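# A closer look at the structure
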Amino acid sequence: MKKNLWMICLSMALCFSTQVFAQGEGKGISFEKEGTLFKEAVQKATATKKLIFLDCYTSWCGPCKKMAKDIFPLEEVGKFMNPAYVSIQIDMEKGEGPELMKKLQVSAFPTFIIFDSRGNELGRFLGGSDAATFVEKVKKASVDNSSAEMDQRFASGDRDEAFLYAYLKTLGSAYKRDQCNVVAEALLAGKEETFAENPQLADVFMKHLSNPFAPAFIYTVKHPEKLSAAIGETPVKMKTQYAWRNYAKSLIDSKDGGATMDMAQFDKLLALMDECKVAEKEEIRLETLIALSEKQADWDKYMQYCTEYDANPNLFLTDLMLCKWCSPVAVNCTEAGPKQKALALLQKRIDDLKSGRLQPQTTQGNMKLSGNLMAGMEKLVEVLSK
């Protein structure tokens, strides 16, 4: 696998290897062939009257690799799985993966989901384990319909507070964050000005509310002192900043190797940030547009936003960000214009560092940088110049 140039810039000893699968070989789990669509697995399960086992993984996930290498190929695991399940592995970052990840509310890896033969979810569990524990978790997820029953109760209008807390706990254990937010909004509805006084509701806000348009969120951003007095200023600030950024990022819809974004909703978000006087608004706007342009391979716009970020006196493009942002241009762009803009940014930073106008950065947030970023920038310049 080609190593990303920005990682070379960091000179970190990180090893990225591709996922190792058991594709029907040996005596372990007999997975459907790579590239099989989820709907095809449903068709096979319907015909064979089997359940469906879905392994949601990513190429960079260590526990995913370990399960594929050490657990799935085991004979005792295959003996249990193969007679009863149509098993399929889908990379959540490729093909239909991003769409499935959003639909199924997958937010951690590996996530294992059991469906009935018609494709209705029965249960799920997360993380790596030994063979015996894995089999027991599959058994439990195959018969535990408590989440489905709770989904139906909530959809039917049940808003009993005790039920909502129990439902939220079940959803949280399954990492269904979108539905967690919906239930959190229901619990906080009408209590925007008072929930900070209730430790249980304050915990619901901090752990599960993710929608910046929720009344409780807007009130807290405008009046942070109430919740800050209860749990501290720093946690509240981190919570709200993460929610703004994550919501903006969620508006990017990756599909079939490209990406689109709900620009109308993005404009509404920016307007709300103006209303709430969010200091990081311009930073979040540009970072989101940079991410969108990269997914679209629109390198003119990509470098336009990178340059705009660097030129903004209220923002600071760190050495690490500069290397990371210029790397995909060096690797994937064939157009002269964007390459020249990336070269200009890099050369200006190199000149500033060599002259002493800027000092080399040794930290990025809470992370200590151990690599030689200057050498990385010079390598990028070399590649972009060819």
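The name given to the chain in an unreviewed UniProt entry is Thioredoxin-related protein, with Bacteroides reticulotermitis as the source organism.

### Remarks on the packing of helix 13 (residues 233-250) against helix 14 (residues 263-275)
The interhelical angle for the contact between helix 13 and helix 14, taken along N-to-C directions, is 165°, at an axis separation of 10 Å. With respect to their mutual orientation, helix 13 and helix 14 come out roughly antiparallel. The two elements helix 13 and helix 14 cross, and the hand of that crossing is left-handed. Between helix 13 and helix 14, the residues in contact are W244, Y247 and A248 and Q265, F266, L269, L272 and M273, respectively.

### Looking at the pattern of salt bridges
Under the criterion given, the structure shown has 22 salt bridges. Residue D116 pairs with R118 through a salt bridge whose shortest N-O separation is 3.7 Å. For R118, a relative accessible area of 61% corresponds to the exposed category. A salt bridge links K191 to E161; the nearest nitrogen and oxygen atoms lie 4.0 Å apart. Of this pair, K191 sits in the loop between helix 9 (177-188) and helix 10 (199-208) while E161 is found in helix 8 (residues 161-173), placing the two residues 30 residues apart along the sequence. You can call K191 partly exposed: its relative accessible area is 26%. When salt bridges that share partners are traced, they join K66, K69 and D70 into one network.

### Considering the pairing of strand 1 (residues 51-57)
For a regular strand, the rule is simple: side chains alternate between the two faces of the sheet. In terms of burial, strand 1 is largely enclosed, as 6 of its 7 residues are buried. The sheet contact formed by strand 1 and strand 2 (residues 85-91) spans 7 bridges and is parallel. Residue I52 lies in a different strand from strand 2, and its bridge partner there is V86. Where strand 1 lies against strand 3 (residues 111-115), 5 bridges are found, and the strand directions are antiparallel. Looking at the pairing, F53 lines up with I114 of strand 3.

### Observations regarding the packing of helix 13 against helix 15 (residues 281-296)
Orientation of helix 13 relative to helix 15, taken along the N-to-C sense of each, is 30°, at an axis distance of 10 Å. Classed by the angle they form, the pair helix 13 and helix 15 counts as roughly parallel. The interaxial crossing formed by helix 13 with helix 15 has right-handed handedness. On helix 15, the residues that touch W244, R245 and A248 of helix 13 are E283, I284, E287 and T288. In terms of residue class, the contact of helix 13 with helix 15 is built from 3 nonpolar, 1 polar and 3 charged.

### Description of the domain arrangement of the chain
Partitioning the chain into structural domains gives domain 1 (38-143), domain 2 (145-231), domain 3 (239-296) and domain 4 (299-385). One C-alpha centre belongs to domain 1, the other to domain 3, and the line joining them spans 31 Å. Counting residues at the interface gives 4 residues for domain 1, matched by 4 residues for domain 3. Summed over both sides, the interface of domain 1 with domain 3 buries roughly 270 Å², with 42% coming from carbon and sulfur. When residues of domain 1 are sorted by the area they lose upon contact with domain 3, P98, E99 and K102 head the list and together hold 84% of the total. For the interface between domain 1 and domain 3, the tally reads 0 salt bridges. In this assembly, domain 1 and domain 3 are joined by 0 residue pairs in polar contact (both at pLDDT 80 or more). In terms of residue class, the side of domain 1 that touches domain 3 is built from 1 nonpolar, 1 polar and 2 charged.

Procedures and definitions
Residues numbered from 1 in each chain as written. Predicted model: local features only at pLDDT ≥ 70, side-chain atom pairs only at ≥ 80, totals over all residues. Heavy atoms only, no water. Axes fitted to C-alpha atoms, helices over the stretch in contact; angles between N-to-C directions. Helix = DSSP H or I, 4+ residues; strand = E, 2+ residues; numbered from the N terminus. Parallel < 35°, antiparallel > 145°, perpendicular 65-115°, else oblique. Left-handed = near helix turned anticlockwise from the far one by under 90°. Contact = heavy atoms within 4.5 Å. Salt bridge = Lys/Arg side-chain N within 4 Å of Asp/Glu carboxyl O. Buried < 20%, exposed > 50% of the residue type's maximum accessible area, 1.4 Å probe, protein only. Pairing = 2+ DSSP bridges. Nonpolar A, V, L, I, M, F, W, Y, C, P; charged D, E, K, R; others polar. Domains from an automatic or database assignment. Buried area = accessible area lost by both parts, 1.4 Å probe. Polar contact = N/O pair within 3.5 Å; in protein donor to acceptor, adjacent residues only side chain to side chain.

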